[in-house]
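Geometric and topological summary
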Amino acid sequence: MDAMKDNEYIFNLKLSKLIGLYQILDPNTIQIFGYNVYHIGIVFVSLYMMAISLLSLIRFYYLINNINEYTFYLGCVLNYMFSCYKIIQIVYCSNDIWKCTDITSIRFLSYQYYDKSIFKNWQVRSIRLTKIYVSLSFIVTLFWLIISKSLSKNIFTSKNLDGSLSKYRMNIFNLYLIASDETYNRYFNLFYLIELIVGVAFMYFSTLFDVLMVMMCFSFLCQLETICDAMKSLGHQCSKNVLNICKEIKSEIRHADFDDLKAIINDHQNVMKAFLGTKLESLCCQ
């Protein structure tokens, strides 16, 4: 992947660099002790989220009599752990995914008479969709954090296992962990910071995975649609890009058509190998 030719790729290369996806996949990113510095950061943040999830699991015991909070905590824990699993999969398969990103290039296919307008259409869709999605993700998260802080003086009453009531201040996710209401309210800013990191990390991990899936799925669809269009036009009609070369459509199949057919078949095989020959297949099944 050539980072200097961002207009030759289906996805938004500038956006992927801005959110760190490019650096996570790029094997030439700055390394510490032989490990990608972004991978190290992701592992530490994932361990942090796993620790918060484990503390939340401990609190399940105290919420047996409160089905609403129990369900809410369970949903939070599952979402946190699943987001960590997805980002760790990206880190673990980063080398395979990086090799597979060649399929996002307009130069991936060897047949020279493909209709380039198909690529441009998919490129516009991909860039537009990822821009909107990433922008909304960050904006919604920012508003959520601001609103949560503004409502932090409100009190939430929680029913304990022994039937007593605890009064906690409202927070981002209201993850009271195993702290008493007195301790929680006294050190509220610390607990707010803990939940803020969890919220931002959850949004970031989910966004990275979704952008990667959009990028790769759109690339596969684009290349397959381009190949399909070439198969339809082979020996019957001229591609829009070669109208200045082909002046007359002939019904008989020329010798050159066999070479073109082999090139198209090879391109189709390369596209399928790019998907089936890497661990990206396991990512798409998540």
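A quick note: this is a predicted structure, and the numbers were derived from the prediction, not measured. (Residues numbered from 1 in each chain as written. Predicted model: local features only at pLDDT ≥ 70, side-chain atom pairs only at ≥ 80, totals over all residues. Heavy atoms only, no water.)

1. Some points on unusual backbone geometry
Definition in use: Working definition: helices are DSSP H or I runs of at least four residues, strands are E runs of at least two. Numbering for both runs from the N terminus. Burial classes: relative accessible area under 20% of the type maximum marks a residue as buried, over 50% as exposed, and values in between as partly exposed (1.4 Å probe, protein chains only).
In this structure, Phe33 takes a positive phi of about 55° despite not being glycine. Of note, Phe33 is situated in the loop between strand S1 (31-32) and strand S2 (35-36). The phi dihedral of Asn174 is positive, around 60°, even though this residue is not glycine. Along the polypeptide, Asn174 turns up in the loop between strand S4 (165-169) and helix H7 (181-186). For Asn174, a relative accessible area of 15% translates into the label buried.

2. Let's talk about the UniProt feature "transmembrane region" (unreviewed entry) in the protein
Definition in use: UniProt positions are given in the numbering used here, feature names are shortened, and annotations may be inferred rather than shown by experiment.
The UniProt entry lists residues 37-64, 70-88, 129-147 and 190-222 under the feature "transmembrane region" (unreviewed entry), expressed in the numbering used here. Helix makes up 100% of residues 70-88 and strand 0%, whereas the separation of the span's terminal C-alpha atoms amounts to 27 Å.

3. Some words on the layout of surface pockets
Note the following rule: Think of a 1 Å grid over just the protein atoms. A cavity is a set of points where a 1.4 Å probe fits yet cannot get out, a pocket is an open set with protein on both sides within 12 Å along at least five of seven lines, and lining residues have an atom within 4 Å of a point. Grid points are joined across faces, edges and corners, and a volume is the space filled by probe spheres set on the points. Amino acid classes used here: Ala, Val, Leu, Ile, Met, Phe, Trp, Tyr, Cys and Pro are nonpolar; Asp, Glu, Lys and Arg are charged; the rest, including Gly, are polar.
Approximately 230 Å³ is the volume attributed to the second largest pocket. In terms of lining residues, the second largest pocket is bounded by 13 residues, among which Thr141, Phe173, Gly199, Phe202 and Met203 are the most central. Looking at the lining of the second largest pocket, the elements that each hand over two or more residues are helix H6 (116-150) and helix H8 (188-233). Broken down by element, the residue count for the lining of the second largest pocket peaks at six residues, all from H6. Looking at the lining of the second largest pocket residue by residue, the class counts come to eight nonpolar, five polar and no charged.

4. Section: the packing of helix H3 (residues 37-59) against helix H4 (residues 67-92)
How two helices pack is summed up by the angle between their axes together with the distance between the axes. Cut-off, in case you're wondering: All axes are obtained by fitting lines to C-alpha atoms, using only the stretch in contact for helices, and the reported angles, taken between N-to-C directions, cover 0 to 180 degrees. For classification purposes, an angle smaller than 35 degrees is called roughly parallel, one larger than 145 roughly antiparallel, one from 65 to 115 roughly perpendicular, and anything else oblique. It is the rotation of the near helix from the far one that decides the hand of a crossing: anticlockwise by less than a right angle makes it left-handed, clockwise makes it right-handed. Only heavy atoms enter the contact rule, under which two residues are in contact if any of them lie within 4.5 Å.
Running from amino to carboxyl end, H3 crosses H4 at an angle of 160°, the nearest separation of the two axes being 10 Å. Classified by the angle between their axes, H3 and H4 sit roughly antiparallel to one another. At the point where H3 passes H4, the crossing takes the left-handed sense. Every residue of H4 that contacts H3 at His39, Ile42, Val43, Ser46, Met49, Met50, Ser53, Ser56, Leu57 and Arg59 is listed here: Glu69, Tyr73, Val77, Tyr80, Met81, Ser83, Cys84, Ile87, Ile88 and Val91. Partitioned by chemical class, the residues of the contact of H3 with H4 number 13 nonpolar, five polar and two charged.

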